[in-house]
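# Residue-level structure breakdown
Now for the letters of each chain:
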Amino acid sequence: MMRRRIVILGAGFGGLTTALELARRLRREPRAEVLLLDAHNFHLFSPMLHEVTSGSVEPRHVVWPIRGLGRRTRFTFERRQVRAIDLDARKIATDRDEIGYEYLVIALGSTTNYYGVRGAAERTLAFKTLPDAVRLRNHILEMFEQAVDERDPERRRRLLTFILVGAGCTGVELATELHDLARRTLVRHYPRLAAGEVRIVLAEATGRIIPCVSDQLAALGLTKLREKGIEVRLHAPVVGVGDGLVEFQDGEKLTTDTLIWTAGVKANPVVEALPVEKDKLGRVIVNEHLEIPPFPGVFAIGDASHSRDSRLQDALPPTAQVAVQQARAVAQNIARDLRGRAKEPFTYRHRGDLVSLGIGDGVGEIAGLAFSGLPAWLLWRSVFLTRLIGWKNRIRVALDWLVGAFFERDVAKLEW
């Protein structure tokens, strides 16, 4: 019997959801072989990375081993680094060998976009992976360790100044978590440091923060950040990064030893290298079925694809809920195609967005209803807790939060 191989590249939200959906839809199709490839053997729940940095959640509690999922379903996982995709030959070059396919789902995610800012790639702290989150936590603790013994006021200010570039959901949530960590925990452990000495600057190139929510909620979020003491700078694009120095477009320069880049993403280099039509971020332009038009059976989803929303007249944002909905649509269309049925166009249905603004605070919209303050924060925790894979991780994270409600966060700097 001739087996029909479906290869999925990437085990993020889009890739893993595609594999699980195909395993469910094709459980009675013995000819279909589903193969999932990723450079890591775990799925990362990235919406909680900022809580890993602040110590609210343990790192292992936001990852789930993929092999355990594949063992219980009908897909096979292989840990491989994807080097290139040959669309004409229908082969994938990996760090071990080449793999052929009949259907291909490209869900390789994205990388940090530095927008050509001088020195940004070399001198800023990225915030996209689990090692990034742990590295940033250790760095922040090191800044406090150095500052407590520093006698030079200028050097001390530099050590306690934390600048974040980009005020989307990631930047805002990280800034508020850092604020809580510094003001609620670290200053208690370093009594020679005053809370007022800690300076958190959130720089945004555009005129508003949190673009995923309405203007009213974004304005409310901005007010809340400023009330917390976070210095939000709008219309403040960074044009250069030097050694301990950040330069803004208006000529102002700030000194800091901590510059965190949360300003945006671009397509994975493997996707950027594909000889097909792409947008300015390197994402593949797909049709209504999420296929690359010249190559039937080859799909791109999530951060790898440029898929237009007819209502917004713009590309869909690189968010988890977009990737998950696209993954389900692609899995359905592959199953339909295998059974000789016509594919259906993808339609995105926005479910809403929730943004945490630190302990007991947040903003968001669900099903057209707006939330803010404690209700939004509790809803954020409830929604994301249910979206974690596996009851073990859900219980672990819930216990992390419960412990955090009664005890201070751990401030041990762990390095291996």
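Data block above holds the structure.
About the criteria used
Residues numbered from 1 in each chain as written. Predicted model: local features only at pLDDT ≥ 70, side-chain atom pairs only at ≥ 80, totals over all residues. Heavy atoms only, no water. Helix = DSSP H or I, 4+ residues; strand = E, 2+ residues; numbered from the N terminus. Rg over C-alpha atoms; globule rule 2.2 N^0.38 Å. Buried < 20%, exposed > 50% of the residue type's maximum accessible area, 1.4 Å probe, protein only. Areas by Shrake-Rupley, 256 points an atom, 1.4 Å probe, with all protein chains shown as cover. Lys, Arg positive; Asp, Glu negative; His and termini not counted. Charge placed at Lys NZ, Arg CZ, Asp CG, Glu CD. Pairing = 2+ DSSP bridges. Contact = heavy atoms within 4.5 Å. Polar contact = N/O pair within 3.5 Å; in protein donor to acceptor, adjacent residues only side chain to side chain. Phe/Tyr/Trp six-rings, centres within 6.5 Å; stacked < 30°, edge-to-face > 60°. Lys NZ or Arg CZ within 6 Å of the ring centre and 35° of its normal. Axes fitted to C-alpha atoms, helices over the stretch in contact; angles between N-to-C directions.

## Notes on the overall build of the chain
Scanning the chain from N- to C-terminus turns up 12 helices and 27 strands. Whereas a compact globule of 416 residues would reach a radius of gyration of roughly 22 Å, the chain reaches 22 Å, a difference of no more than 12%. Considered along the principal axes of its C-alpha atoms, the chain spans approximately 75 × 45 × 45 Å. Out of the 416 residues belonging to the chain, those deemed buried represent 53%. As presented, the chain carries roughly 19,300 Å² of accessible surface, and 52% of it is formed by carbon and sulfur atoms. Distance between charge centroids for the chain: 6 Å, based on 60 positive and 51 negative side chains.

## Here we look at the sheet that holds strand β12 (residues 161-165)
Spatially, β11-β18-β12-β13-β14 is the arrangement adopted by the 5 strands of the open sheet, whose pairing is parallel. Taken across any chain shown, the strands that pair with only one partner, and hence form the sheet edges, are β11 (125-126) and β14 (231-233).

## Observations regarding the environment of Gln 321
Take Gln 321: it is sitting in helix α10 (residues 320-338). Gln 321 sits 27 residues away from Tyr 348 along the chain, and the two C-alpha atoms are 9.4 Å apart. Contacts of Gln 321, omitting those with residues within four sequence positions, involve Tyr 348, Arg 349, His 350, Arg 351, Gly 352 and Asp 353. Polar contacts involving the side chain of Gln 321 include one to the main-chain carbonyl oxygen of Gly 352, which spans 2.8 Å.

## What about the packing of aromatic side chains?
This model, assessed by the stated rule, comprises 6 aromatic pairs. Residues Phe 144 and Tyr 190 carry aromatic rings whose centres are separated by 5.7 Å and whose planes lie at 45° to one another, so their mutual orientation is tilted. Separated by 46 residues along the polypeptide, Phe 144 in helix α5 (residues 130-148) and Tyr 190 in the loop between α7 (169-189) and β13 (199-203) bring together distant segments of the chain. Both residues of the pair, Phe 144 and Tyr 190, count as buried. Put simply, the rings of Phe 13, Phe 45, Trp 380 and Phe 384 touch in pairs and so form one group of aromatic residues. Sitting above the plane of the Trp 64 ring, Lys 392 keeps its charged end 5.5 Å from the centroid. Over the aromatic face of Trp 391 sits the side chain of Arg 394, whose NZ or CZ is 4.9 Å from the ring centroid.

## Focus on the sheet that holds strand β17 (residues 253-255)
The 3 strands lie next to each other as β15-β16-β17, forming an open sheet whose pairing is antiparallel. Each having just a single partner strand, β15 (238-242) and β17 make up the two edges of the open sheet. Each strand of the sheet is rotated relative to its neighbour by a mean of 20°, with strand direction disregarded.

## Notes on the pairing of β15
Note: β15 against strand β16 (residues 245-248), 4 bridges, orientation antiparallel. Within β16, the position partnered with Val 241 by the bridge is Val 246. Following β15, the chain reverses through 2 residues before pairing antiparallel with β16; Gly 244 in that reversal takes a positive phi of roughly 75°.

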